[in-house]
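Here is how the chains run, residue by residue.
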Amino acid sequence: QPGGSWVGTDAYGDQDAVALAFEYQGRGTHTLVSLVDHNLGGVVKEAFVAGDPEEVLETWREVMHLPIRELPPEDAAERLRSGFETYDASLDPPSSDDVRLLRGLFLARLARLPRSIQPIAPLETNEEERASLVEAFIASPEATELLGDLTRPPAGGRGVVEVIAHHLVDFKCNYADGDPLRWSPTAVEICLLDWFPRKVALEESELQAVPAIVRAWVHFAGRRRGLSAEAMEATETSLDEFAPEFLEASSDPARFGPAKAIALAMQADDVDLADQAAVGRWIEAFNSRPQAEREAVLPRAARPAPAPTPATTGEPDQPGAAARRDWAVPARTGRLGSIDLAWRDRDDPDERAILIRAEHPELREALERDVDLDTA
């Protein structure tokens, strides 16, 4: 039967440690313990089974220094259900092997608990709310004191602070946990060393301004969330550590994602990225180029595998369509809503669209607005 349940959350809200106790009448207690990581999409990252829950809670207090609060079992269970749904939807979940081995046991225990009346829903921040948050940041004392003249936009255009702030909000809302005000050393690392180099194309002057703008944003967000000065200082220290590698990575074509690489190639050819007709013409011309020329545009890590040859297959030489498909729409496992991705046929246009949606969560809003997927 279900016993007590508790959650311990670190100062930044990066991770929730969840403990659920179950009691056997006359045969003792066991406790399911897990770690849910919000920097990794809310996935269950660690899992193990303990005995007395008091021993677990003592470790949280004395070793991990986590503030602990007791939750109704159904609310704690909801956190784990959400974490396992993220785990199941991940192609290669960033979780320990123990999560895979114990998943069945955890889900069986969770099935004994009622559903929460407040199920966990993803945070949603619409475009108007995002723009309002950026405006509040530009007018904030943090931006004024730390950025000075950078906050003054050029006549008739957006300033660098507004541009970068929108990127920071989009990163947290579209690719991270959904909370644009939750920043920690780990969130800064992921943003600067992975997301910006892969996704964001900036001018050199804009790149140089990013660390200072992130610093101001961290203080702005920390004040709004009520973070301690020590917590914000630790995040600022991590920013100083990551800034040099960020500048290097953001200028390294091998670190670019395919979308960024192609966007930069369009800009080099003086294509207006806001002109859909011009973009369409460029893509059509790009697709007609020889394969070697197309591959030269892509970052090395994203290039498709070589096409099969008679020497490797014993069959007549074939074009690299399959290899390009494997790169653009990789096979998936897990689920998208109620859809089992493992059974989708990438050669079927309708089912391929489902795989694209799973691979690119940033397209979700465009799809919900009924934007044509090819255009998006």
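None of the values given here were measured: they were computed from a predicted structure. (Residues numbered from 1 in each chain as written. Predicted model: local features only at pLDDT ≥ 70, side-chain atom pairs only at ≥ 80, totals over all residues. Heavy atoms only, no water.)

1. Details of the overall build of the protein
What the protein contains, in helices and strands, is 16 helices and seven strands. Across the 376 residues of the protein, 40% fall into the buried class. Pairs at least 24 apart in sequence give 58% of the contacts found in the protein among residues at least 6 apart. With the model as given, the accessible surface of the protein reaches about 20400 Å², and the carbon-plus-sulfur share is 51%. (Helix = DSSP H or I, 4+ residues; strand = E, 2+ residues; numbered from the N terminus. Buried < 20%, exposed > 50% of the residue type's maximum accessible area, 1.4 Å probe, protein only. Contact = heavy atoms within 4.5 Å. Areas by Shrake-Rupley, 256 points an atom, 1.4 Å probe, with all protein chains shown as cover.)

2. Focus on the environment of Pro53
Inspection of the secondary structure assignment puts Pro53 in helix α1 (residues 53–62). The buried category is assigned to Pro53, whose relative accessible area is 12%. Separated by 31 residues in the primary sequence, Pro53 and Phe22 have C-alpha atoms spaced 9.4 Å apart. Excluding anything up to four places from it in sequence, Pro53 contacts Trp6, Ala21, Thr29 and Thr31.

3. A few points about the sheet that holds strand β3 (residues 28–37)
Read from one edge to the other, the open sheet built from five strands follows the order β4-β3-β2-β1-β5, with strand pairing classed as antiparallel. The sheet is open, and its two edges are formed by β4 (43–50) and β5 (68–70), each paired on a single side. For this sheet the average axis-to-axis angle between neighbouring strands, irrespective of direction, equals 20°. Sheet strands in contact with helix α3 (residues 97–110) are β2 (15–24), β3 and β4, and its direction is about 75° off that of β4. (Pairing = 2+ DSSP bridges. Axes fitted to C-alpha atoms, helices over the stretch in contact; angles between N-to-C directions.)

4. Some thoughts on the environment of Trp282
Relative to the elements of secondary structure, Trp282 occurs in helix α11 (residues 276–287). Sequence separation of Trp282 and Val271 is eleven residues, and the distance between their C-alpha atoms is 7.7 Å. Apart from residues no more than four positions distant in its own chain, Trp282 is found in contact with Ile262, Ala265, Met266, Asp269, Val271 and Arg289.

5. Considering the side chain of His166
Position of His166 among the secondary structure elements: in helix α6 (residues 160–175). Taking the relative accessible area as the measure of exposure, His166 reaches 17% and is therefore buried. Not counting chain neighbours up to four residues away, the residues in contact with His166 comprise Arg130, Ala131, Val134 and Arg158.

6. Let's talk about unusual backbone geometry
The phi dihedral of His65 is positive, around 55°, even though this residue is not glycine. Within the secondary structure, His65 sits in the loop between α1 and β5. Positioned with a positive phi, Asp270 is a non-glycine residue whose angle comes to about 60°. One can find Asp270 in the loop between α10 (258–268) and α11.

7. Describing the packing of aromatic side chains
This structure, assessed with the given rule, holds eleven aromatic pairs. Here a set of aromatic residues connected by ring pairs shows up, and it is made of Phe171, Tyr175, Trp183, Trp195, Phe196 and Phe246. Lys172 extends its terminal NZ or CZ atom over the ring of Trp183, reaching a point 5.1 Å from the ring centre. (Phe/Tyr/Trp six-rings, centres within 6.5 Å; stacked < 30°, edge-to-face > 60°. Lys NZ or Arg CZ within 6 Å of the ring centre and 35° of its normal.)

8. Some points on the pattern of salt bridges
Taken as a whole and assessed by the stated rule, the structure comprises 16 salt bridges. As a salt-bridge pair, Asp16 and Arg79 come within 2.9 Å of each other at their nearest N and O atoms. With Asp16 in strand β2 and Arg79 in helix α2 (residues 73–89), this residue pair connects regions lying 63 residues apart in the sequence. Looking at Asp16, the relative accessible area reads 6%, which means it is buried. Here Asp240 ties to Arg215 by a salt bridge, and the two come within 2.7 Å at their closest N and O atoms. Note that Asp240 is positioned in helix α9 (residues 229–249) and Arg215 in helix α8 (residues 204–225), a separation of 25 residues in sequence. Salt bridges sharing partners connect three or more residues here, namely Asp14, Lys172, Asp177 and Arg182. (Salt bridge = Lys/Arg side-chain N within 4 Å of Asp/Glu carboxyl O.)

9. Re helix α7 (residues 185–199)
The terminal C-alpha atoms of α7, which comprises 15 residues, lie 20 Å apart, in line with the 21 Å expected from a rise of 1.5 Å per residue. The largest bend along α7 measures about 35° and falls at Cys191. Ala187, Val188, Cys191, Leu192, Leu193, Trp195, Phe196 and Pro197 are the residues of α7 that are buried. Each element contacted by the buried residues of α7 is listed here: α6, α8, α9 and α10. (Expected span 1.5 Å × (residues − 1). Bend = angle between axes of the 7 residues up to and from the residue.)

10. Remarks on the nonpolar core
Counting residues in each nonpolar core, the largest one holds 38 residues, and the members touching the most others are Phe137, Ile164, Trp183, Leu192, Phe196 and Trp217. Broken down by element, this core gets its largest block of residues, ten residues, from α8. Filtering out sequence-adjacent residues up to four positions away, Ile164 remains in contact with Phe196, Leu202, Glu206, Val210 and Ile213. Among the nonpolar cores identified, the runner-up in size contains 19 residues, and Val43, Phe84, Phe106 and Leu113 belong to it. (Core = buried A, V, L, I, M, F, W, Y, C linked by side-chain atoms within 4.5 Å.)

11. Describing the packing of α7 against α9
Relative orientation of the contacting elements α7 and α9 amounts to 10°, with a least axis distance of 9 Å. One way to sum up the angle between α7 and α9 is to call them roughly parallel. Within the contact between the two elements, α7 uses Pro185, Val188, Glu189, Leu192, Leu193, Phe196 and Pro197 and α9 uses Ala234, Thr235, Ser238, Leu239, Phe242, Glu245, Phe246 and Ala249. Taken together, the residues of the contact of α7 with α9 sort by class into eleven nonpolar, two polar and two charged. (Parallel < 35°, antiparallel > 145°, perpendicular 65-115°, else oblique. Nonpolar A, V, L, I, M, F, W, Y, C, P; charged D, E, K, R; others polar.)

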